[in-house]
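As a plain string of letters, each chain reads:
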Amino acid sequence: LSKLLGYPSSVHVRRPFLQNIYDTASNLLATNGVALGMGAACLALIWGLKVAKRRAPRSRLAAGLGTARNVVVVALATGVCALCVLLGHDVLPRVGELPDGLPAPAAPALDWPSVRRLALPALSVAIIGFIE
């Protein structure tokens, strides 16, 4: 919830549910209204596109936007954020910096516990592929 409400959260580890509720409640006054508005608008748009797809099943536009609603919302939100930065209203908090480029290719470590843990799922996928 810290990303939706826009308050700074220095903890990036998994914590117990009640501790997360306490953290959210104690930071309610630090809520960034713009971030909350943007998050609420994105959630409303996702829901609205889903409903539009269901109510207008013959509409190609509703079907296309409803199917790709997550991509549509991410693209629109990115555009709004970029427009805000261009206009000098840089008020939305950022999640963090993205690394440049792709990681170098490397072979995974092959140890016996990993092989034992993955053997049954790999066999299941092979059987399903053979059946198909």
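Residues numbered from 1 in each chain as written. Predicted model: local features only at pLDDT ≥ 70, side-chain atom pairs only at ≥ 80, totals over all residues. Heavy atoms only, no water.

A. Inspection of the overall build of the protein chain at higher detail. From N to C terminus, the protein chain includes 6 helices and 0 strands. In the protein chain, the succession of helices and strands from N to C terminus is α-α-α-α-α-α. Across the 132 residues in the protein chain, those meeting the buried criterion constitute 17%. For the protein chain, contacts bridging at least 24 residues in sequence account for 51% of all contacts bridging at least 6. Taken as a whole, the protein chain presents about 11,100 Å² of accessible surface, with 69% of it coming from carbon and sulfur. (Helix = DSSP H or I, 4+ residues; strand = E, 2+ residues; numbered from the N terminus. Buried < 20%, exposed > 50% of the residue type's maximum accessible area, 1.4 Å probe, protein only. Contact = heavy atoms within 4.5 Å. Areas by Shrake-Rupley, 256 points an atom, 1.4 Å probe, with all protein chains shown as cover.)

B. Seen up close, the environment of Leu-43. For Leu-43, the location among the structural elements is in helix 3 (residues 33-55). Residue Leu-43 is classed as exposed on the basis of its relative accessible area, which comes to 52%.

C. Region of interest: the packing of helix 3 against helix 5 (residues 69-86). At a minimum axis separation of 10 Å, helix 3 and helix 5 run at an interaxial angle of 150 degrees. With respect to each other, helix 3 and helix 5 are oriented roughly antiparallel. Along this stretch, helix 3 crosses helix 5, giving a crossing that reads as right-handed. Counted together, Met-38, Cys-42, Leu-45, Ile-46, Leu-49 and Lys-50 of helix 3 and Arg-69, Asn-70, Val-72, Val-73, Leu-76, Ala-77, Val-80 and Cys-81 of helix 5 form the full contact between these two elements. (Axes fitted to C-alpha atoms, helices over the stretch in contact; angles between N-to-C directions. Parallel < 35°, antiparallel > 145°, perpendicular 65-115°, else oblique. Left-handed = near helix turned anticlockwise from the far one by under 90°.)

D. Spatial organisation of the nonpolar core. If you look at the biggest cluster of nonpolar residues, it comprises 6 residues: Ala-35, Met-38, Cys-42, Val-73, Ala-77 and Leu-92. Secondary-structure elements contributing two or more residues to this core are helix 3 and helix 5. Considering each element in turn, this core owes the most residues, 3 residues, to helix 3. Setting aside residues up to four positions removed in sequence, Val-73 forms contacts with Cys-42, Leu-45 and Ile-46. (Core = buried A, V, L, I, M, F, W, Y, C linked by side-chain atoms within 4.5 Å.)

E. Representation of the environment of Val-34. Relative to the helices and strands, Val-34 resides in helix 3. A relative accessible area of 40% means that Val-34 is categorised as partly exposed. In this structure the C-alpha to C-alpha distance between Val-34 and Leu-92, which are 58 residues apart in sequence, comes to 6.5 Å. Not counting residues up to four positions away in its chain, the partners in contact with Val-34 are Val-91 and Leu-92.

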